[in-house]
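For reference, the chains in residue letters:
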Protein chains: 2
Amino acid sequence: MPALSSDAIGDLPVLWLRDNCPCAQCRDPRTGQKLFQIDALPDGLRVATVAAAERAGEPAVEVVWAPDGHCSAYPSAWLEANRPGGPGHRDRRTEAGKELWTARDLAGRLPEADWEAYLGEPAVRARMLESVLRVGFMVLRGVPEREGQVLAVAETFGYVRETNYGKLFDVRVEPDPNNLAFTSAAIAPHTDNPYRDPVPTLQLLHCLVNEADGGDSGLVDGFGAAALLRREDPEAFEVLTRTPVPFVFRDAGTELRADRPLIGTDPLGHVREVRFNNRSSGTLRLPADALESFYAAYRTFAKLLLRPELRLDLRLAPGDCLVFDNTRLLHARTAFAQDGERHLQGCYADLDGLASALAVLRRADTLEPLAELFAGAGTTEYLGEPVSMAQHMLQAGARAEAAGAPPHLVAAALLHDVGHVEDDVVTGRELMAGTDNRHSHTGAGMLSRWFGPEVTEPVRLHVAAKRYLCAVEPGYHDRLSEASKYTLAVQGGVMTPAQAAEFAALPGAADAVAVRRWDDEAKDPDAVTPPFEHFLPMLTALLRG
Amino acid sequence: MPALSSDAIGDLPVLWLRDNCPCAQCRDPRTGQKLFQIDALPDGLRVATVAAAERAGEPAVEVVWAPDGHCSAYPSAWLEANRPGGPGHRDRRTEAGKELWTARDLAGRLPEADWEAYLGEPAVRARMLESVLRVGFMVLRGVPEREGQVLAVAETFGYVRETNYGKLFDVRVEPDPNNLAFTSAAIAPHTDNPYRDPVPTLQLLHCLVNEADGGDSGLVDGFGAAALLRREDPEAFEVLTRTPVPFVFRDAGTELRADRPLIGTDPLGHVREVRFNNRSSGTLRLPADALESFYAAYRTFAKLLLRPELRLDLRLAPGDCLVFDNTRLLHARTAFAQDGERHLQGCYADLDGLASALAVLRRADTLEPLAELFAGAGTTEYLGEPVSMAQHMLQAGARAEAAGAPPHLVAAALLHDVGHVEDDVVTGRELMAGTDNRHSHTGAGMLSRWFGPEVTEPVRLHVAAKRYLCAVEPGYHDRLSEASKYTLAVQGGVMTPAQAAEFAALPGAADAVAVRRWDDEAKDPDAVTPPFEHFLPMLTALLRG
């Protein structure tokens, strides 16, 4: 292995580099969790040698550490992507991760979708969940007008947060209300549950009946409003970020209190949370001059929040479900006449679960090139066999699945021949013309973009496994298809006993042999297989961290 | 009403004072919620006149406002208690509201209780919940070793927070673990779920089996450790409070990420949250010099957290349930031999619900003087009647309850004669000796410490109601007991028609008459009544905010 000048790792901070060692001793290969404590690294840690290396067919840099002799191999692509620099981490819960808006900005592009499409089409669901993170809300239409349905909406992206109002709450006029929400009064823009800590970060409101005159909803982007305040009156902004305000709620069975600023910022000063609810603010106790400054700033912000251009008006119709970020958006409603019925059901949930659901949905997007291969170049022909390449691979995957193989082997079987297509060109034709296209190696390299060695290595070795089985298993060669017998010669022929012994000693040999057998069986022109999409959830679960 | 110099309100900030107006127009008397927006107050708000006044028998200051003419009456006691000044609100979730500890500090005073006592005795439950808020944890012993029981523990003080690990999770060795927790490895002090935002603020661990060699638990006060770091290495402390660290978790169905500092502070710089979990920390991206500073500080804090004097060791035995503040305490476990079974069940919940449960429990404490009256001075005699005063009042309360009266009237009936006892002296004897002790007024005054006018006014008027009923209801006087007929004269005799008309016009007259009738009936020496404690939940629910 060629020695490298230490330039390859430049002046990378030593503890940072070691903390990111990807070896199986430092990081659990299954969970990605770190297996050592930062304090357990030796004092005086330093780089002893640096060398060029290869990992899973990709260039890497190997570092040997002093004084403990530990060896770390960093993929060069990882070093490039994570090179120190830049402004640090963007906390996507702050304004830095949002699209701030005024009502006009959303004209004609309300983030809305039909419930059935949201449920049935991952792309629609991803677009909607992304809207909640980016603009702070989504509106689902045509949600069945059933009591309790709002909980089912929450369960599409996370977990319901139960509160003193129950798992769900009814918003309608009540005879003995414990909250103004349960009257017909107008309610100015506010965030909910400011007296809870942690505050519920998402709110859902599902409209069952809205026959009342009035009772329209309004939304204000609290992050946008806070940013506006910072521009127009920086001192008021500062006061509101640093004054904890007591928020209180009390009834027969509940007594909640949280002391939090109206505008919460992260350590870098970005707006991260708005709490605004006049109904629940308690008595502030501060020196008189601090009270004067606070109240002036509070009033300025309250007036700003009422500017009509900031307020997006929408009227919830039966079947509409509004989902919004309760740490960012303020919601309001107009008063309504009590002679028309109005009934919403609401519940709370949390942003972290929603962001996770979106991230998992997006994993499938990253597999789009594979889906295209199955739908495009893979459908044309399969090199002398009576099935297309896509049919062949789907059969192999389905056979592995039917055999109860673990997911990584189902994936390897499903994807073992992707190396026959490069940039939409079926290089497998070269193989049939007598030149080995080394498709097992090409395929393993392609797949390493998405999967770890548990998937790529059986793919890399599936051709070697044919050469091996011909050497060690009587009758195996005779059962091969004519095309397979032909390519065997191009690919190096039957292994010698020494080669076979060497192959059998490889850690991935057994897996490769298993994949090879599904490969050999997967040439039935009459077989019916599930489509590629059937395997997507399993494949996304195998994606590298 | 005498005019006061504006000195009575000194230089109180005008908007603050008005924002705290207690009138029914400004604040919902049932919920205590504010009914106006701060921006809706007129510009140029100022105090026009100040006058001495009385509210519910207590001295007050009446303010008439310009330019809108609104009138606010502030109880003098409220003005005194809330006078501006001092350091502002103590956010009790920060170190400012905690007792920081090292292991030695808790020697011999572990916050622990027996499950049955915790369930059955409100004082034990209050002491335990208070421990979680103050020192960060409690240990319940003898919790039934049933699967799922940990959820029942959480429900004694709040709501379970469901996560990707489920409503509850099993901590035992698993064949294919998605987390190191589910192996037999040692785990260094850490907080859970750092990749969640909001992070679950409470964790419960209930031991079902612990026959393993090893597998002991350890707790470290993260707030104490952070405070120690601030003293020993202020620069490292600063770096850790202002560097967002990516925490990540990923498995087949989950992809969570939170960018938060290891030490979170409130706007005033108090430690509010510790996140420390080497297993889940992702790759930091910062300029190289910032990475150097961060890693040096990170390592310093990690080493500090391992100091033996900070770590409280405890071994969970079957039936033990540990409940701890996951924003403050780090927990750890030693490795264990796989041949002995170890099985814990855990779940998450939140601090706000626990603090609410404690506050509601404490309301009952505030009623202790009334409980003492019923158990002490009230049991001796009742002024010429064949029952004790306590029996008499319990009968009145029970009759009101049986009649389906609303809670405030049950309370008024139950407490209508408390004014006969002052500082353990039965002043009622003066009444029998011919001097009116004005017990209805004294009683209303005493009760105003706890209850609003809906309870105190019927008490104040219950003697007047007798004089009234004698005037307007034929036969009423004849049905009175001899003692009641005697005291009628001392108390002013039968009302004149003019007095009766005046009484009937009072807003509380009907309630007072109702209380009076239960009073008159409640002199049965053979009646069996529930004890005072029966009424406690209802009374605590009526307590003033």
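Residues numbered from 1 in each chain as written. Chains lettered and ligands numbered in written order. Predicted model: local features only at pLDDT ≥ 70, side-chain atom pairs only at ≥ 80, totals over all residues. Heavy atoms only, no water.

*Asks:* Could you clarify how one ought to interpret the relation of the copies chain B and chain A in this entry?
*Replies:* Mapping chain B onto chain A is achieved by rotating through 180 degrees and translating by 0.0 Å along the same axis, at an RMSD of 0.2 Å. The superposition of one copy onto the other is thereby described by a two-fold rotation axis. A high fraction, 100%, of the interface residues of chain B reappear at the interface in chain A, so the copies pair face to face through one surface. (Least-squares fit on C-alpha atoms with pLDDT ≥ 70 in both. Contact = heavy atoms within 4.5 Å.)

*Asks:* Teacher, can you tell me more about unusual backbone geometry here?
*Replies:* Note: most residues except glycine have negative phi, and most peptide bonds are trans. Residue and element names in this part refer to chain A. A cis amide bond links Asp197 with the next residue in sequence, Pro198, at an omega value of 5 degrees. Along the chain, Pro198 falls in the loop between β8 (187–190) and β9 (202–210). In this model, Asn193 sits at a positive phi of 55 degrees, which is unusual for a non-glycine residue. Residue position: Asn193 is located in the loop between β8 and β9. Looking at Asn193, the relative accessible area reads 2%, which means it is buried. (Helix = DSSP H or I, 4+ residues; strand = E, 2+ residues; numbered from the N terminus. Buried < 20%, exposed > 50% of the residue type's maximum accessible area, 1.4 Å probe, protein only.)

*Asks:* Is there a simple way to explain the pattern of salt bridges in this structure?
*Replies:* Pairs can form between side chains of opposite charge whenever their charged atoms are close. Per the stated rule, a full pass over the model turns up 66 salt bridges over all chains. One salt bridge connects Arg479 of chain A with Glu473 of chain A, and the closest N-O pair in it is separated by 3.1 Å. Among the ionic pairs, Asp19 of chain B bridges to Lys34 of chain B, the shortest N-O distance being 3.0 Å. One end of the pair, Asp19 of chain B, is in helix α1 (residues 14–19); the other, Lys34 of chain B, is in the loop between α1 and β1 (46–55), and 15 residues separate them in sequence. Members of the salt-bridge network, linked through shared partners, are Asp91, Arg93 and Arg272 of chain A together with Asp197 and Arg260 of chain B. (Salt bridge = Lys/Arg side-chain N within 4 Å of Asp/Glu carboxyl O.)

*Asks:* What am I meant to see in the interface of chain B and chain A here?
*Replies:* How big an interface is tends to be expressed through the accessible area that disappears when the partners come together. Counting residues at the interface gives 100 residues for chain B, matched by 100 residues for chain A. Together chain B and chain A conceal approximately 8,700 Å² of surface at their shared face, both sides included; 49% is due to carbon and sulfur atoms. Contact with chain A buries area across many residues of chain B, yet His89, Arg285 and Arg299 of chain B alone supply 9% of it, more than any other trio. One can count 14 salt bridges joining chain B with chain A. A salt bridge links Asp352 of chain B to Arg196 of chain A, with the nearest nitrogen and oxygen atoms 3.2 Å apart. Counting every contact that joins chain B to chain A gives 52 residue pairs in polar contact (both at pLDDT 80 or more). Secondary structure elements with two or more residues in the side of chain B that touches chain A: α1, α2 (76–82), α7 (234–242), β11 (245–251), β12 (254–260), α8 (288–305), α9 (351–366) and α21 (536–542) of chain B. (Buried area = accessible area lost by both parts, 1.4 Å probe. Polar contact = N/O pair within 3.5 Å; in protein donor to acceptor, adjacent residues only side chain to side chain.)

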